[in-house]
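Residue-level listing of the chains:
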Amino acid sequence: MTESTFTENYDVIVVGAGHAGCEAALAAARLGLETIVFTVSINSVALMPCNPNIGGSSKGHLVREIDALGGEMGKNIDRTYIQSKMLNVSKGPAVHSLRAQADKAEYSRQMRMVLENQDHLTLKQAEVCELIVEDNSVKGVKIFTGGTYYSKAVVLCTGTYLRARCLCGEAITYTGPNGLMAADHLTQSLIDNGIEMFRFKTGTPARIDRRSIDFSKMEEQKGDEKVVPFSFSTDPASLTREQVSCYLTYTNERTHEIIRENLDRSPLYSGVIEGTGPRYCPSIEDKVVRFPDKNRHQLFVEPEGLSTNEMYISGMSSSLPEDVQKLMYRTVPGLENCKIVRNAYAIEYDCINPIQLKHTLEFRNIRGLFSGGQFNGSSGYEEAGAQGLVAGINAAMYCLGKDYLTVDRSEGYIGVLIDDLVTKETHEPYRMMTSRSEYRLLLRQDNADLRLRRKGYEVGLISEEQYLALLQKERLINDEIQRLKTTYVGSNSKVQSFMNDINSSQLKSGSPLSELICRPELDYFSIAPIDENRPDLPDDVCEQVNINIKYEGYIERQKRQVEAFKKLESKRLSEDIDYSLIKGLRLEAASKLNMYKPVSIGQASRISGVSPADVSVLLVYLENDRRKNV
Amino acid sequence: MKKDTIAAIATGMTPSGIGIIRVSGEDAFSIASSVFLKKNNEKLSEYEDHKAYYGYIHDKDGILDEVILLVFKGPNSFTGEDTVEIQCHGGILLMQRILELCISSGARAAEPGEFTKRAFLNGKMDLSEAEAVMDLISSKNDLAIRNSARQISGSLFEKISSVRKKILHELAYIESALDDPEHYELDGYPEVLSEKLLEMLRILEKLSDSFDDGRMLSEGVRTVIIGKPNVGKSSLLNILSGSERAIVTEIAGTTRDTIEEKIFLGGIMLHVTDTAGIRESDDPVEKIGVDKALAAAGDADLIIMVIDSSEVLSCEDEEILAFIRKNRKKCVILLNKSDKGKVIGPDEIACYTSDPVIVISAKEETGIDELKKYITDNFASGYIKYNDEIFITNARQKEALSEAVDSLLRVARSITEKLPEDFYTIDLTAAYESLGHIIGQDLEDDIINEIFDRFCMGK
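Residues numbered from 1 in each chain as written. Chains lettered and ligands numbered in written order. Predicted model: local features only at pLDDT ≥ 70, side-chain atom pairs only at ≥ 80, totals over all residues. Heavy atoms only, no water.

### Points about the domain arrangement of chain A
Going by this rule: Note: domain ranges come from an automatic or database domain assignment.
By domain assignment, chain A separates into domain 1 (7–77 + 106–202 + 349–427), domain 2 (204–348), domain 3 (464–560) and domain 4 (571–629). Taking only C-alpha atoms into account, the centre of domain 2 of chain A sits 44 Å from that of domain 3 of chain A.

This is the structure:
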């Protein structure tokens, strides 16, 4: 390393300008903090090195929540989508999920422009190689070219770049994604500061030249006619872009044969790969080995953008050698003559054991040090963006001496994501799923603004105007629900003939409109003809009214569960407790509790190895402590 | 939703003069009102603090017992909450029945040490007692976990596990389809699930019946009565169960080979298997019976061997004695038919084994007290304490089972009401968790693991 006396001062330093780093840097700068964000390559701002889409099941929820809190991801995909779909529309509102295909290059370029034009924000190309920590507080970073940057807070969002290596069969390159430079120096500095590291692995499929694909052998997948924006601030009417298609095709027994014959050349099976890979996005060789009975696997062929011929082959990530890849891709209908532009590869990288973090995403043992994204053991652009936003906001709050932002499990998927990361043992890159949320019916993508805008306003990322609009929306929803519960329709001939027309059973006596909405075959929209004094309300208000009335029973049930949950969350545990000294705790529980240092009885109860009896013991301990201090 | 009023049997589970069922929490009085009638058959509407009421406990079929109801208003009670104590006659079945009645009226079975925990949390106990309370909670829980593990018979465990596995599979399927809708479809799925629910409900309802007669519990000293045919095994069993009979159940379908009974003897629950007589046989069916008898004896805590003392030892007797010596189980040898002419005595047996020998007459019921004393001396210390927890655990398990049934019924209702598929997961998960409580297993990451294990996901 070069010796240099060159120094600069900032409030917040963000290391990495991927999806986490961009949100972190923008949040801190927008809150008025002098912020610098480092990236190993200025061309890789908000890079999408894997799938060319944003959102999808539960991930779409995260993007909505990022937007509700004042983040950028939703706005950026609204600017750059080339196809959009609301998934699961035939299912309940809790699992409706928005997914958009992005023009990757455009997504990156637009985000970079936002960063470049943001006040208080500096974008710099450099590899951060050392963390400066004094008295358990972070002081800044050093970069490889020699400069020293001091700051009050540092946010680490290094993605998959730390000591990255890419594997394609026997060929191994020591680079980050897309052949970008890896960051090889920072890990040692982190270890020296007592941070526990993990090594994870993930992978990506090949990109194929569009001109070499026979789409006539595939099934075309179009976008929705009516596009719903991700951002609550985007006007739906402004989204009139022409959309491009994706295509569906399948692997077959021949593909699988080739894979089986060449398994010994896969670094995954020959033992070359050390990192732990995710079960939710297995490589094609994994799928063939683990599901031998499936004689075909589904593949989606997705455009990478409007200004490129590259197509992403979703469902077929691999670390097999390139000669095998060429053979196996060519067995797929439509890909018989395909030309591979970029090979599929697996990538290994360093990340941390996230149980070292608090819910604020600050390290428990180093003040002012925050982190987000794949560095924290997660995977996915949306998971990264969500954590980056929370880490960036809290780095700012730390500098400003203000209250931290936390989201709990009953408030958002962001809360579930972070609580899982800091509370559960991580054995693989963590991906969001709706089944991870116990209050999924309350955490819908349609009400993210109602759940989280207030928090965004309190930290200062949501404007007064947006906040007032939220209050107005809440008022309209409540008023309309009240009206429907107290407006009765009689069993007159007009109503009965209407019921007849829509195949719903006749009314026996007068009934509030809300009860009609609850009928399986009816909803708020369909009963409009017999709701004579209905006010003219915005679409999003109507949607809330409908969902809240139609599913009231279940929603109320989950709300009661949330109350019980909040009770346990509000029983706070101090970080200084030495659990090995508490009589009655089982040994396993005491050691787990000492390791995780939960902030509340609620979190303690979610740690694997802590039993209900241990929770009872903790409650008695807390009460004892409280009375001693009275 | 977890109910907040708790109930438990406060006295030990040994048969005694008076039994106490304690109910504590905000609904204590309303629960009492629904199970208790005053002497004049009226409901109690006013609850005066520290007052005793005389009357009846009744269920929908009528009066169960004459009881005294003690009322303690919070904070002037042990727990600091509204509390009633039902003092009933001390029969075990009766206490259990009253506890279950309180549970079905809105209470839940108390967790081990929970009354004490509440007393402490509500400021009814001194600070100096905190450590003792924490110790009590953990030791009682340890005991309860050990007990429930012992209590669940292999077949109950298997049935619950198999239903849980089915539920988990459905959950994972639905979740996979929600997570990856372009890969897994739910078209026509509600109808398929309906069928599967019926099957699950059938299994659970059968289990629920067997909980009632205690058939599935394997608590107590596993005891096997063994001997060649016609030495008086069955009459012995009748005497034992007739004197202090608690629960008697015949296991259907197994009567040809073995009969199982639960017998209370000197405060100890014996889980008695009466085996088919052992006789060297070429008849294949009978041969199976003999093998079963020996297998049952191999699993037993206590073997009672019955010998006809009016005849010389046969080769079958010798074979059994050899088996006993080889297996080194706790064993007592009964020389029956002492009323008839005595051909063999304890000295002859001593040549084969050093196990105690008792001379009895099943016909004249002599020697039975000696047998009881032997059992009490040998098993009381280890088992009486353990019996205390049995029925409360049983009540907890029964409650969990009925919650599981309710949850599955709600899924069925969601299907008829044409709710979207993701709503099914709410109650399926609840059912899965309830069943888990019975066999001591948590939800943890089961669903996610099942999704990844069974369904091929991802890009």
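### Some remarks on the sheet that holds strand S3 (residues 35–39) of chain A
Residue and element names in this part refer to chain A. What counts, and what does not: Pairing between strands requires that DSSP locate at least two bridges from one strand to the other. Helix and strand assignments follow DSSP, with helices taken as H or I runs no shorter than four residues and strands as E runs no shorter than two, numbered in order from the N terminus. To define axes, lines are fitted to C-alpha atoms, for helices over the stretch in contact only, and angles between the resulting N-to-C directions are given on a 0 to 180 degree scale.
Strand order across the open sheet formed by five strands is S7-S3-S2-S11-S21, with parallel pairing between neighbours. Strand pairing shows two members of the sheet lacking a second neighbour, strand S7 (121–125) and strand S21 (369–371), which therefore form its edges. Here the average twist between neighbouring strands, direction ignored, is 20 degrees. Where strand S2 (residues 12–15) and S3 come together, four bridges link them in parallel fashion.

### Looking at the side chain of A:Glu285
Residues and elements named next belong to chain A. Basically, it comes down to this: Accessible area is worked out with a 1.4 Å probe on protein chains only. A residue is then buried under 20% of its type maximum, exposed over 50%, and partly exposed in between. In this charge count, Lys and Arg are treated as positive and Asp and Glu as negative; neither His nor the chain ends contribute. Any carboxyl oxygen of Asp or Glu within 4 Å of a side-chain nitrogen of Lys or Arg constitutes a salt bridge here. Between N or O atoms, a polar contact is any pair within 3.5 Å; within protein, one atom must be a potential hydrogen donor and the other a potential acceptor, and residues adjacent in sequence are included only when both atoms are from side chains.
Structurally, glutamate 285 can be placed in helix H8 (residues 284–290). As a buried residue without a salt bridge, glutamate 285 has its nearest oppositely charged side chain in lysine 201, at a separation of 6.9 Å. A polar atom in the side chain of glutamate 285 sits 2.8 Å from the backbone nitrogen of serine 319.

### Here's the deal with the packing of helix H12 (residues 448–459) of chain A against helix H13 (residues 464–486) of chain A
Residue and element names in this part refer to chain A. The test is simple: We call two directions roughly parallel when the angle between them is under 35 degrees, roughly antiparallel when it is over 145, roughly perpendicular when it lies between 65 and 115, and oblique otherwise. A crossing counts as left-handed when the near helix is turned anticlockwise from the far one by less than a right angle, and as right-handed when that turn is clockwise. The criterion used for residue contact is that any of the two residues' heavy atoms lie within 4.5 Å.
Two elements in contact, H12 and H13, have axes separated by 10 Å at closest approach and are oriented at 150 degrees. Put simply, H12 runs roughly antiparallel to H13. Along this stretch, H12 crosses H13, giving a crossing that reads as left-handed. Judged by residue contacts, Asp449, Leu450, Arg453, Arg454 and Tyr457 of H12 engage Glu464, Gln466, Tyr467, Leu470, Leu471, Lys473, Glu474 and Ile477 from H13.

### Notes on the confidence of the model for chain B
Residues and elements named next belong to chain B. Condition: By definition, pLDDT measures how confident the predictor is in each residue, and it falls between 0 and 100.
Chain-level statistics for chain B give a pLDDT mean of 80 and a share of 79% at 70 or above. Taken element by element, the predicted model of chain B shows its lowest mean pLDDT in strand S9 (residues 245–247) (33) and its highest in helix H1 (residues 28–35) (95). In the model, residues 381–389 has pLDDT below 50 throughout and makes 22 contacts with residues more than four positions away in sequence or in other chains.

### Regarding the interface of chain A and chain B
Quick note on the threshold: By definition, the buried area sums, over both parts, the 1.4 Å-probe accessible area that each loses when the two are put together. Nonpolar residues are Ala, Val, Leu, Ile, Met, Phe, Trp, Tyr, Cys and Pro. Charged residues are Asp, Glu, Lys and Arg, and all others, Gly as well, are polar.
Residue-level contacts link 59 residues of chain A with 51 residues of chain B. Between chain A and chain B the total buried area reaches about 4800 Å² when both faces are included, carbon and sulfur atoms providing 58% of it. On the chain A side of the contact with chain B, A:Tyr554, A:Val620 and A:Arg627 bury the most area, a combined 13% of that side's loss. Connecting chain A to chain B are seven salt bridges. For B:Glu175, the salt bridge goes to A:Arg440, with nearest N and O atoms at 2.8 Å. There are 19 residue pairs in polar contact (both at pLDDT 80 or more) connecting chain A and chain B. Of all the secondary structure elements, the ones that give two or more residues to the side of chain A that touches chain B are strand S5 (81–87), H8, strand S17 (298–303), strand S18 (310–317), helix H17 (552–569) and helix H20 (612–629) of chain A. Broken down by element, the residue count for the side of chain A that touches chain B peaks at 10 residues, all from H20(A). Its residues placed into classes, the side of chain A that touches chain B shows 24 nonpolar, 16 polar and 19 charged.

### Points about the packing of helix H10 (residues 381–400) of chain A against helix H11 (residues 413–423) of chain A
Residues and elements named next belong to chain A. Running from N to C, H10 and H11 point in directions that differ by 85 degrees, and their axes come no closer than 10 Å. Compared by their axis directions, H10 and H11 come out roughly perpendicular. When H10 is examined against H11, the residues Glu383, Ala386, Gln387 and Val390 are found in contact with a partner set consisting of Ile414, Leu417, Ile418 and Leu421. Here the residues of the contact of H10 with H11 sort into six nonpolar, one polar and one charged.

### Looking at the side chain of A:Arg364
All names here are of chain A. Among the structural elements, arginine 364 can be located in the loop between strand S20 (345–352) and S21. The buried charged residue arginine 364 lacks any salt bridge, with glutamate 575 as its nearest oppositely charged partner at 5.2 Å. Look past the residues within four positions of arginine 364 in its chain and what remains in contact with it is Ile355, Gln356, Leu357, Lys358, Glu575, Met595, Tyr596 and Lys597.

### Some words on the sheet that holds strand S2 (residues 18–24) of chain B
Residue and element names in this part refer to chain B. Reading across from one edge, S3-S4-S5-S6-S2-S1-S7 is the order of the seven strands in this open sheet, with mixed pairing throughout. Two strands close off the open sheet at either side, each with one partner strand: strand S3 (36–38) and strand S7 (108–109). Relative to S7, strand S1 (residues 6–9) is paired through two bridges, and the arrangement is parallel. By the bridge assignment, alanine 7 is partnered in S7 with alanine 109. In the packing of H1 onto the sheet, the strands contacted are S2, S3, strand S4 (51–59), strand S5 (62–72) and strand S6 (83–89), and the crossing angle to S6 comes to about 30 degrees. Lying over the sheet, helix H3 (residues 114–121) contacts S1, S2 and S7, oriented at roughly 130 degrees with respect to S1.

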